[in-house]
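Observations on the three-dimensional arrangement
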Amino acid sequence: MAFPCPPRSLPAACNPGPGCTTDPPTSTASSCPTGCELGPCSPEERADLSRAVRAAATNESVSPRSHPCNCDEIEFQTSFPNRFIGSFTKGLPHNALGEVIGAEYCKLLSALATANPLLFEGVALGCCPSCTPTIPSGVPSALECRVRRRTLDDPQSAFAFDLEGFDSHALCLPPAPKFNSAEEISEIAENYWMSLARDVPYTQYATDPLINAAAADLAGYSCIFAPTDAPNLFRGFSPGSQVGPYVSQFMYMDTPYGAQLIPGRIRTVQPGIDYVTAYKEWLAVQDGCDREQSACDDVPRYIRNGRDFGQFVHVDLTFNAFLNAGLQLLSPDEPLRRCEAGPGRAVEFARCLPYVNPATPFEQQFPGKSANQNGFATFGPPHLVSLLLETMNRALKAVWYEKWAVHRRLRPEEFGGRIHNQIIGAAAYPFHAANFARLQTTILPLIFNHNLQQNANLRRFPEGGTYLLPQAFAEGSPIHPSYGAGHATVAGALGTILKAFFAGEHLILNPVVPTDDGTALTAFNPSGDTVLTVEGEINKLVDNIGLSRNFAGVHWRSDHTESIRLGEAVAISILCNQRNTYNESYEIRFRRFDGTFVRIRPGQVCPETVEGDPGTCQRTRTSFLCTG
């Protein structure tokens, strides 16, 4: 279908008159190319080439793939018929044990199986029978359920298509740990310890008694895939994540936003206050009743502990930390040149990209780049910022498919309810025997006493102690399944984009950490030869964002570990799809989270995995020669 230019209605004085043509430019040895359109392709050739590029990208993007799950939903039907003890059921109606009303869960499964939007509207939600919401003045009683009842988080996005990068159904996560596995208990043990450690400053981890007790206990579980030494407790495994301060330096710098400034300090919440520690409260939250986070801290603070970082990822839009990091990396370190609001880091664009970062000092720029041009819509600041946001959306579609259509893994808070009911004798579940026995003798007595104090001092339900997982969020987890993790998937994707654009080997000098009260920053005094790099601090930021959701109690360790790889795959697929759309000669290279190196170039198989640093740039150019 042709899309001709619309006619313009111009006054006679503005009409270009005869002689203006859309014919291809002419050129001789003695004249300049002249005409309306300059470029190597005629309109017809350009259309053909565009179709070829799209077709090649489409072929890369569509790959039939099966998606295995842990089979908890099927296997426990024999011993726990229609109880779905290992599945995510939050927001639906539950019985007194917090087990879903099976008929309503089956309605949700039918809606997912058919992707029929009308069937989702027929799934009964559970809040109104289980709690008495407070209705604001003037709200009609017919709307009562909508005032304080939470709803399902976008299950239909699992079936959306994308026109760039891998289709969401062409990627996969490995099966999550099973309900009755050793790994599941070791992961909930880490969640329990994280909940008790929320107010311990990261700077005190090496010496704090609670952190050392947690490290010693976690090291005794079988099938634990997390650091179990005190200085690195609750960190990730990505290259650089265990180097230097716990928190990435990108979280402590004020972010230049043109003539505005995004402060490095955040609004956090008051210490020592957890939620969902009483059973009646837990049951109402499982039914989808909302709760208000009212214990706010009015003093802006730098992130100093798990509670602070949990609050950051409670109210962000998943991309915030990475957009901030990108703006810091882009912005000049001397803000007086154009009166920017504040200094940035002015880090050079990656070695094999075609242009320099104009904000970077000349002596820090890589040789061999264009001396006459800078990037803007391609390989420049707008390109980076738009790529971050479009990659976020595609990453969310990929992980929402895994959440709703494949795994439907229960949240840690749901699992904590199973543990509580088993210990008090209200139910019996197939927990891994050895790890569960350890759980009962080490962390659970501490949890019981912690919840006893919370319920006595702070809650509406003075029920005594429980074995529930204390939540940092009043409403507990979101109303979507746990595996994979949305924040971690987006973090993996956007961290990958940042690593593709910036020189990962660039050093970050003079690192800082917050004071214990979070009101100021102080110099970090590294021991030995600690060196912080852009790559390491991006990887650390990825782990910070994902694992802080675990600190809040809403995700498991494996949710994070596998999801950052899913996000990385989404980002790589987009970079691969786009590789033949640019006119510049370029090469993208970076190190994956697993330590292997990737290279992306026009006209090549994508991505290329190489052993070790690929070394010298091998810039290539897409052929746009259309007329011989």
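The paragraphs below set out a description of the structure included in this document. (Residues numbered from 1 in each chain as written. Predicted model: local features only at pLDDT ≥ 70, side-chain atom pairs only at ≥ 80, totals over all residues. Heavy atoms only, no water.)

As enumerated under the stated definition, the model contains 27 aromatic pairs in all. Centre to centre, the rings of Phe76 and Phe80 are 6.3 Å apart; their planes meet at 85°, and the pair counts as edge-to-face. In this pair, the class of Phe76 matches that of Phe80, namely buried. On the basis of an interplanar angle of 80° and a centroid distance of 5.8 Å, the ring pair of Tyr582 and Tyr586 is categorised as edge-to-face. Judged by relative accessible area, which is 1%, Tyr586 ranks as buried. Between the NZ or CZ atom of Lys403 and the centre of the ring of Trp400, over which it lies, the distance is 5.2 Å. The lysine or arginine in question, Arg438, covers the ring of Tyr221, its NZ or CZ lying 5.4 Å from the ring centre. (Phe/Tyr/Trp six-rings, centres within 6.5 Å; stacked < 30°, edge-to-face > 60°. Buried < 20%, exposed > 50% of the residue type's maximum accessible area, 1.4 Å probe, protein only. Lys NZ or Arg CZ within 6 Å of the ring centre and 35° of its normal.)

Attention now moves to the packing of helix H14 (residues 433–441) against helix H15 (residues 443–457). How two helices sit against one another is set out by the angle between their axes and by the gap between those axes. Their axes nearest at 3 Å, the elements H14 and H15 cross at an angle of 45°. On the basis of their axis angle, the class for H14 and H15 is oblique. On H15, the residues touching Leu439, Gln440 and Thr441 of H14 are Ile443, Leu444 and Pro445. For the contact of H14 with H15, the residue count by class is four nonpolar, two polar and no charged. (Axes fitted to C-alpha atoms, helices over the stretch in contact; angles between N-to-C directions. Helix = DSSP H or I, 4+ residues; strand = E, 2+ residues; numbered from the N terminus. Parallel < 35°, antiparallel > 145°, perpendicular 65-115°, else oblique. Contact = heavy atoms within 4.5 Å. Nonpolar A, V, L, I, M, F, W, Y, C, P; charged D, E, K, R; others polar.)

This part is about the pairing of strand E5 (residues 588–591). Here E5 runs beside strand E6 (residues 597–600); their pairing, made up of four bridges, is antiparallel. Within E6, the position partnered with Arg591 by the bridge is Phe597. Counting the residues between successive antiparallel strands, the hairpin from E5 to E6 contains five residues, one of them, Gly595, with a positive phi of roughly 95°. (Pairing = 2+ DSSP bridges.)

It is worth spelling out the sheet that holds E5 at this point. Strand order in the open sheet made by the three strands is E5-E6-E7, with antiparallel pairing throughout. Here the strands that pair on one side only, and so sit at the sheet edges, are E5 and strand E7 (608–610). Each adjacent strand pair in this sheet contributes to an overall mean axis angle of 25°, direction not counted. Lying on the sheet, helix H18 (residues 557–578) is in contact with E5 and E6; it crosses E6 at an angle near 25°.

Moving on, we get to the pairing of E6. On E6, burial covers both faces: Phe597 and Arg599 on one face and Val598 and Ile600 on the other are all buried. In terms of strand pairing, E6 meets E7 through three bridges, oriented antiparallel. Following the sheet pairing, Phe597 is matched in E7 by Val610.

We now examine the side chain of Gln328. In this fold, Gln328 is placed in helix H11 (residues 320–330). Side-chain polar atoms of Gln328 contact the backbone oxygen of Phe250, separated by 2.9 Å. Not counting the four nearest positions on each side in its chain, Gln328 is found in contact with Phe250, Met253, Asp254, Thr255, Pro256, Gly344, Arg345 and Ala346. (Polar contact = N/O pair within 3.5 Å; in protein donor to acceptor, adjacent residues only side chain to side chain.)

The next point concerns the state of the cysteines. Should the sulfur atoms of two cysteines be covalently bonded, the bond is a disulfide. Counting across every chain of the model gives three disulfides. The residue that forms a disulfide with Cys127 is Cys289, at a sulfur-sulfur distance of 2.4 Å. Between Cys127 and Cys289, the S-S torsion sits near 105°, and that sign places the bridge as right-handed. Placement of Cys127 in helix H5 (residues 127–130) and of Cys289 in the loop between helix H9 (279–286) and helix H10 (306–315) is noted, with a sequence separation of 162 residues between them. Covalently, Cys352 is tied to Cys617 through a disulfide, its sulfur atoms 2.1 Å apart. Disulfide Cys352-Cys617: torsion about the S-S bond near -85°, hence left-handed. Here Cys352 is found in the loop between H11 and helix H12 (381–407), whereas its partner Cys617 is found in the segment after E7, with 265 residues between them in sequence. Note on Cys617: relative accessible area 24%, which makes it partly exposed. (Disulfide = S-S within 2.5 Å.)

If you walk through the whole model with that rule in mind, you get 32 salt bridges. Across the salt bridge formed by Asp162 and Lys397, the nearest N and O atoms sit 3.2 Å from each other. Of this pair, Asp162 sits in the loop between helix H6 (144–148) and helix H7 (182–196) while Lys397 is found in helix H12, placing the two residues 235 residues apart along the sequence. When sorted by exposure, Asp162 lands in the same class as Lys397, which is buried. Within the structure, one salt-bridge network assembled from shared partners comprises Asp162, Glu164, Glu390, Arg394 and Lys397. (Salt bridge = Lys/Arg side-chain N within 4 Å of Asp/Glu carboxyl O.)

Tyr483 connects to Gly484 through a cis peptide bond whose omega is -5°. In this fold, Gly484 is placed in the loop between H15 and helix H16 (486–501). Look at the link from Cys606 to Pro607: it is a cis peptide, with omega at -10°. Relative to the helices and strands, Pro607 resides in the loop between E6 and E7. Phi at Thr318 takes a positive value of approximately 70°, unusual for a residue other than glycine. Topologically, Thr318 is positioned in the loop between H10 and H11. On the accessibility criterion, Thr318 (13% relative accessible area) is buried. Phi angles above zero are rare outside glycine, and Arg408 is one such case at about 50°. The topology assignment puts Arg408 in the loop between H12 and helix H13 (412–423). The exposure class assigned to Arg408 is buried, which follows from its relative accessible area of 12%.

Close contact between helix H17 (residues 534–551) and H18 brings their axes to 9 Å; oriented N to C, the two are set at 150°. Considering their axes alone, H17 and H18 lie roughly antiparallel with respect to each other. The hand of the H17/H18 crossing is right-handed. Of the residues in H18, those in contact with Val542, Asp543, Gly546, Leu547 and Asn550 of H17 are Arg557, His560 and Ile564. (Left-handed = near helix turned anticlockwise from the far one by under 90°.)

Turning our attention to the side chain of Glu348. Mapped onto the fold, Glu348 is located in the loop between H11 and H12. The side chain of Glu348 is buried and forms no salt bridge, while Lys369, the nearest opposite charge, is found at 4.1 Å. A polar side-chain atom of Glu348 sits 3.0 Å from the main-chain amide nitrogen of Asn357. Excluding residues within four positions of it along the chain, Glu348 makes contact with Tyr355, Val356, Asn357, Thr360, Gln364, Gln365, Phe366, Lys369, Phe501, Phe502 and Ala503. (Lys, Arg positive; Asp, Glu negative; His and termini not counted.)

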